[in-house]
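Take a look at the letters that make up each chain.
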Amino acid sequence: MAKVWIESYGCSASMADSEMIAGLLKSNGHQLVSDVNSADVNLIVTCAVKDATANRMVYRIKDLTRTGKPLVVAGCLAKAEPDRIERLNPKASMLGPHVIDKAVEVVNAALDGSRSVALMDSTTPKVNLPKVRFNPVVGIAEIASGCLSECTFCETRLAKGRLRSYRIGDIVRQVKEDIKQGCREVWLTSTDNGPYGKDLGCNIADLINEVCCIDGDFMIRVGMMNPMYVPFMLEDLIEAYRNDKVFKFLHIPVQSGSDKVLRLMKRGHKASVFADIAKRFRDEFEHFTIATDVIVGFPEEDEVDFEQTLNLLKEVEPDIINISRYSARPGTEASLMEKINVKVVKERSKALHQLANAIGCRRNKAWIGWNGEVLVDEIRDDGVQGRNFAYKPVFLKEKVPLGSIVNVTINSVFNHSLLGKIEK
């Protein structure tokens, strides 16, 4: 038995990978430690989505290397840039995002002083594997690996490859076990939920319907999906969302309001598609949360393109706008395109953040006076955080147990969250 330190970065799919790696190691006799100084071996699950994130990974790999202990670098950066990892630490073992079943083998090799590199994709689905959850009330179900998009800016696509959907029955069995173990919130996640099932003859709406049939008191959060896939299953998706077990929340990254920029990105959709999807869901449901992502300063984005992005956001008013400054990732098509002046990108980013804050605050004010149930899914130093039926984050100053469902009245708001009081 060895003591293992695990730290994780990135998206919810990366978090799911980390939980499975931890579960496999623990079930094979290793001990997970909460103090890096007491570990016999260090393992870091990396993300490679942006320059800033990749630089953070490099910093942590250097730090963990300096401990002199065996190191395993897992996740997207290991798969996308193995040469970079080797330069940082020639002795580091590596574990790709689709070789989770080799985690014990790779860690054991590192402990024995050998260097093990497992980057070739495994045929083992990443469902129904042992887990050690970061949050005991949240079950993260990874429903597929890879994607079908060809976005010119995305290094994650290079790391995770083509779509491989996991069968609905296998996912349902995992969710049943998650609920049995006390999870109150289930995340259906993958690199892109939009094309889920295209290789199986089904879609994400079919999966949602089956998960909703599971007995138990729980809520389902549907993860990110590229807008290009939604129109082909729009009616089925809306119908699936009518179930009370589904959070009224949709994450559809538009990335730009300019069709010219979207073509350069090879996103596969027009800005109007995003607007139409958002409008349709809000027409169907009284309160519905729309989240989106925007890349500012993509190569060849001019003032007209940027203005179109601002206008689209003003029209749609997404509740959540995740903003990223464009950064060229190695091996991507966009990395060969001419960059925009850094000062211009900074100014545009500032304008976008100001708009996002204003929209978030305005959308949240509509919730003042609302009364209803909130599922508590996070304990904080100053109280707790929960989610209402529209997946709005609700901060509560009262201390209540994790997983509690409490009746709350919203009496104040922030730009990106609500402030509530528990009704006795």
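All figures in this text were calculated on a predicted structure; none of them were measured in a lab.

Asks: Before we move on, could you go through the packing of aromatic side chains and cite the residues and values that matter?
Replies: Across all of its chains, the model carries 13 aromatic pairs by this definition. Between Phe 281 and Phe 285 the ring centres are 6.4 Å apart and the planes differ by 20°, which places this aromatic pair in the stacked class. For the pair formed by Phe 281 and Phe 285, the shared burial category is buried. Ring-pair connections join several aromatic residues into one group, and the members of that group are Tyr 241, Phe 281, Phe 285 and Phe 288. The ring of Tyr 391 carries the charged tip of Arg 387 above its face, separated from the ring centre by 4.0 Å.

Asks: Got a sec to walk through the nonpolar core? Specific residues and values, please.
Replies: Across soluble globular proteins, you tend to see nonpolar side chains buried next to one another. Within the largest apolar cluster, 72 residues are counted, with the highest numbers of intra-cluster contacts made by Ile 204, Ile 208, Tyr 241 and Phe 281. The contact partners of Ile 204, leaving out residues within four places of it in the chain, are Ile 143, Asn 193, Tyr 196, Val 222, Met 225, Met 233 and Leu 237. Grouped together as the second largest cluster of nonpolar side chains are 33 residues, Ala 16, Val 72, Val 104 and Phe 249 included.

Asks: Which residues make up the pairing of strand E17 (residues 393-396), and what values do they have?
Replies: Residues Pro 393 and Phe 395 line one face of E17 and the alternating positions Val 394 and Leu 396 line the opposite face, and both faces are buried. With four bridges connecting them, strand E16 (residues 383-387) and E17 associate as antiparallel partners. Bridging from a neighbouring strand, Arg 387 pairs with Pro 393 of E17. The loop that links E16 with its antiparallel partner E17 comprises five residues; one of these, Tyr 391, has a positive phi angle of about 60°. Here E17 runs beside strand E19 (residues 418-422); their pairing, made up of three bridges, is parallel. When the sheet's bridge partners are listed, Val 394 is paired in E19 with Leu 418.

Asks: Residue-level account of the sheet that holds strand E12 (residues 249-251), with values.
Replies: Within a sheet, each strand pairs with its neighbour through backbone hydrogen bonds, oriented either parallel or antiparallel. Ordered in space as E12-E13-E14, the three strands form an open sheet in which the pairing is parallel. Two strands close off the open sheet at either side, each with one partner strand: E12 and strand E14 (320-325). Ignoring which end each strand starts from, the neighbouring axes of this sheet average 15° apart. For E12 and strand E13 (residues 289-296), the ladder comprises three bridges, and the chain directions are parallel. Following the sheet pairing, His 251 is matched in E13 by Ala 291. Lying over the sheet, helix H11 (residues 271-284) contacts E12 and E13, oriented at roughly 165° with respect to E13. Helix H13 (residues 342-365) contacts E13 and E14 of the sheet and is inclined by roughly 170° relative to E14.

Asks: Got a sec to walk through the sheet that holds E16? Specific residues and values, please.
Replies: Strand order in the closed barrel formed by five strands is E15-E16-E17-E19-E18, and the pairing between neighbours is mixed. Across this sheet, the average inter-strand angle for adjacent strands is 55°, counted without regard to direction. Strand direction decides the pairing type here: strand E15 (residues 371-380) and strand E18 (residues 405-413), joined by five bridges, are antiparallel. By the bridge assignment, Val 374 is partnered in E18 with Val 406.

Asks: Tell me about helix H1 (residues 12-27), and name the residues and values.
Replies: Its 16 residues give H1 an end-to-end C-alpha distance of 22 Å, which sits within 8% of 22 Å, the value for a rise of 1.5 Å per residue. Where H1 terminates, the next one or two residues include Gly 29, which has phi positive at roughly 100°.

Asks: Break down the packing of helix H12 (residues 303-316) against H13 for me, citing the residues and quoting the values.
Replies: Where H12 meets H13, the closest approach of the two axes is 11 Å, and the angle between their N-to-C directions is 10°. Comparing their axes, H13 and H12 come out roughly parallel. Residue-level contacts link Glu 303, Phe 306, Thr 309, Leu 310, Leu 313 and Lys 314 of H12 to Val 344, Arg 348, Ala 351, Leu 352, Leu 355 and Ile 359 of H13. Considering only residue class, the contact of H12 with H13 consists of eight nonpolar, one polar and three charged.

Asks: Please give an account of the side chain of Glu 19 that cites residues and values.
Replies: Locating Glu 19 in the fold gives a position in helix H1. Buried Glu 19, no salt bridge; nearest opposite-charge side chain is Lys 131, N-O distance 4.5 Å. In this view, Glu 19 contacts Pro 130, Lys 131, Val 132, Arg 133, Phe 134, Asn 135 and Ile 140; residues no more than four positions away in its chain are not counted.

Asks: An account of the pattern of salt bridges is needed here, citing residue identities and associated values.
Replies: Applying the stated criterion across every chain, the model contains 32 salt bridges. With a closest N to O distance of 2.7 Å, Glu 235 and Arg 280 form a salt bridge. Of this pair, Glu 235 sits in helix H9 (residues 234-241) while Arg 280 sits in helix H11, placing them 45 residues apart in sequence. Close ionic contact of Arg 362 with Glu 317 constitutes a salt bridge, the shortest N to O distance being 2.7 Å. Remark: Glu 317 occurs in the loop between H12 and E14 and Arg 362 occurs in helix H13; sequence separation between them is 45 residues. Salt bridges here are not isolated pairs; linked through shared partners, they connect Asp 51, Glu 81, Arg 84, Glu 155 and Arg 329.

Conventions we followed
- Residues numbered from 1 in each chain as written.
- Predicted model: local features only at pLDDT ≥ 70, side-chain atom pairs only at ≥ 80, totals over all residues.
- Heavy atoms only, no water.
- Phe/Tyr/Trp six-rings, centres within 6.5 Å; stacked < 30°, edge-to-face > 60°.
- Buried < 20%, exposed > 50% of the residue type's maximum accessible area, 1.4 Å probe, protein only.
- Lys NZ or Arg CZ within 6 Å of the ring centre and 35° of its normal.
- Core = buried A, V, L, I, M, F, W, Y, C linked by side-chain atoms within 4.5 Å.
- Contact = heavy atoms within 4.5 Å.
- Helix = DSSP H or I, 4+ residues; strand = E, 2+ residues; numbered from the N terminus.
- Pairing = 2+ DSSP bridges.
- Axes fitted to C-alpha atoms, helices over the stretch in contact; angles between N-to-C directions.
- Expected span 1.5 Å × (residues − 1).
- Parallel < 35°, antiparallel > 145°, perpendicular 65-115°, else oblique.
- Nonpolar A, V, L, I, M, F, W, Y, C, P; charged D, E, K, R; others polar.
- Lys, Arg positive; Asp, Glu negative; His and termini not counted.
- Salt bridge = Lys/Arg side-chain N within 4 Å of Asp/Glu carboxyl O.

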